[in-house]
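What the coordinates show
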Amino acid sequence: MSTENLPQSPGQTPRKPRVAIVFGGRSSEHGISVVTAGAVLRAIDRTKYDVLPIGITQDGRWALTADEPERMAIADRRQPNVEQLTESEEGGVILPVDPSNREVVYSEPGSVPKALGEVDVVFPVLHGPYGEDGTLQGLLELSGVPYVGSGVLASAVGQDKEYMKRVFTSFGLPVGPYTVIRPREWELDEAGARRKIVDFAGEHGWPLFVKPARAGSSIGITKVDDLGGLDEAIVAAQQHDPKIIVEALLRGREIECGVLEFEDGPRASVPAEIPPVQSHEFYDFEAKYIDSAPGIVPAPLTDEQTAEVRRLAVAAFEAASCEGLVRADFFLTEDGEFVINEINTMPGFTPISMYPRMWQESGVSYPELVDRLVQAALRRSTGLR
């Protein structure tokens, strides 16, 4: 879709595409989503797009929020939230469910609903369940509104670490050893589920990483060095997801690579390396967002290694049927092989996040990155494609 094709009245100049930036959400990554939205609001070209910020509160209310990105940053080690930015404690934003009507409405109790105008594309900067996992994408498909990023299937696969690994394995991509404990397994036979993890440790050794199967931003992850720390790690993971995944330690270097959709298809950025963080056992949430642990961009790899990780990143993007953008995370093992750990279909997008840093080093600035993602979304239709 181009600007010339947008609806307009006779005699009017073509209007700018309207971008709704949707952020916040019900997941444990709510605060980082708000930070991401602030960065996108600062970077988006206001001469090219009209912008409508919409925040989703932690209890699921869609709220009209202030367009004030300076209030959407981590301050004094505390994350922002949508509730701080809402213009009303009761009003709600309503998306259309009729594909022929893209007009967004704002409604408050006891007041006449207010039309906010049509939305041409949604930029959903939500992380985690109820936003990055295909649920919001399904709503937008029903509404007939184009959106930035992957569709329903790819978003769901990218959120669920178990099925992500199953898809990668089916496409011949290398993944590390893992086991999964589903909610029903834990509920019906807690001792048996725990024994399954212990047997996995017996086969692959300690330490293990215990993770929520469908969460991101390294939230709820625990490195477990021995049997004594296992129960506490399981409880920590289950606070974020009743389904947990347990992964064996892969000794090697952590390498990341960004994938971005261009007009001629997906391309990979220069890769980055996440070096060991001295004050943290691994690259956890605090290291990523609070203490701003530095990554090395570009990663110090050989030309052959760089070419291989870029090839694998694009292969993972294609295997999961992704669109728009992906950050692919790898281990470069001690024997020189790349193993894919996971992909993120809406990766961290703050100014310090690795995805925009990798593309900056690849020649795509943050504002250009935002513009390319919006333009890619405008080119796509909703529905089967």
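A short tour of the structure in this document, coming up. (Residues numbered from 1 in each chain as written. Predicted model: local features only at pLDDT ≥ 70, side-chain atom pairs only at ≥ 80, totals over all residues. Heavy atoms only, no water.)

**Some details on the sheet that holds strand E4 (residues 92–94)**
We apply this condition: If DSSP finds at least two bridges between two strands, the strands pair. Runs of E in the DSSP output that reach at least two residues are strands. Runs of H or I that reach at least four are helices, and both are numbered from the N terminus. Note on geometry: axes are lines fitted to C-alpha atoms, helical ones only across the stretch in contact, with angles between N-to-C directions running from 0 to 180 degrees.
The strand order E4-E5-E6 describes an open sheet built from three strands, whose pairing is antiparallel. Two strands lie at the open edges of the sheet, namely E4 and strand E6 (114–118), each paired on one side alone. Taking each pair of neighbouring strands and ignoring which way they run, the sheet shows an average axis angle of 25°. Sheet analysis places E4 next to strand E5 (residues 103–107), joined by three bridges and oriented antiparallel. Directly across from Gly 92, in E5, lies its bridge partner Ser 107.

**Some details on a nonpolar patch on the surface**
Test applied: Each patch is built from residues lacking any salt bridge and having more than 30% relative accessible area; the joining distance is 9 Å for like charges and 5 Å for nonpolar side chains (Val, Leu, Ile, Met, Phe, Trp, Tyr). Surface accessibility follows the Shrake-Rupley procedure with a 1.4 Å probe radius. Residue values consider only the protein chains on display as shielding. Should a side-chain nitrogen of Lys or Arg be within 4 Å of a carboxyl oxygen of Asp or Glu, the pair is scored as a salt bridge. A simple rule labels every residue: compare its accessible area, found with a 1.4 Å probe on the protein chains alone, to the largest value its type can have, and call it buried under 20%, exposed over 50%, or partly exposed in between.
A cluster of nonpolar residues, Val 198, Trp 206 and Leu 227, forms a patch on the protein surface that exposes about 240 Å² of accessible area. Tracing the backbone shows Trp 206 in the loop between helix H6 (190–204) and strand E9 (208–212). A relative accessible area of 31% places Trp 206 in the partly exposed class.

**Examining the nonpolar core**
If you look at soluble globular proteins, the nonpolar side chains tend to sit buried side by side. The condition that has to hold: Take the buried Ala, Val, Leu, Ile, Met, Phe, Trp, Tyr and Cys residues and link them wherever side-chain atoms come within 4.5 Å; each set so joined is a nonpolar core. By the convention used here, residues are in contact when the closest approach between their heavy atoms is within 4.5 Å.
Counting residues in each nonpolar core, the largest one holds 34 residues, and the members touching the most others are Ile 21, Phe 123 and Phe 349. Secondary structure elements with two or more residues in this core: strand E1 (18–24), helix H1 (30–43), strand E7 (121–124), strand E12 (252–262), helix H10 (354–361) and helix H11 (366–379). Ranked by residue count, the leading element in this core is H11, at seven residues. Once you skip the residues sitting within four places of it in the chain, Phe 349 turns out to touch Thr 36, Ala 39, Val 40, Leu 325, Tyr 355, Pro 356, Tyr 366, Leu 369, Val 370 and Leu 373.

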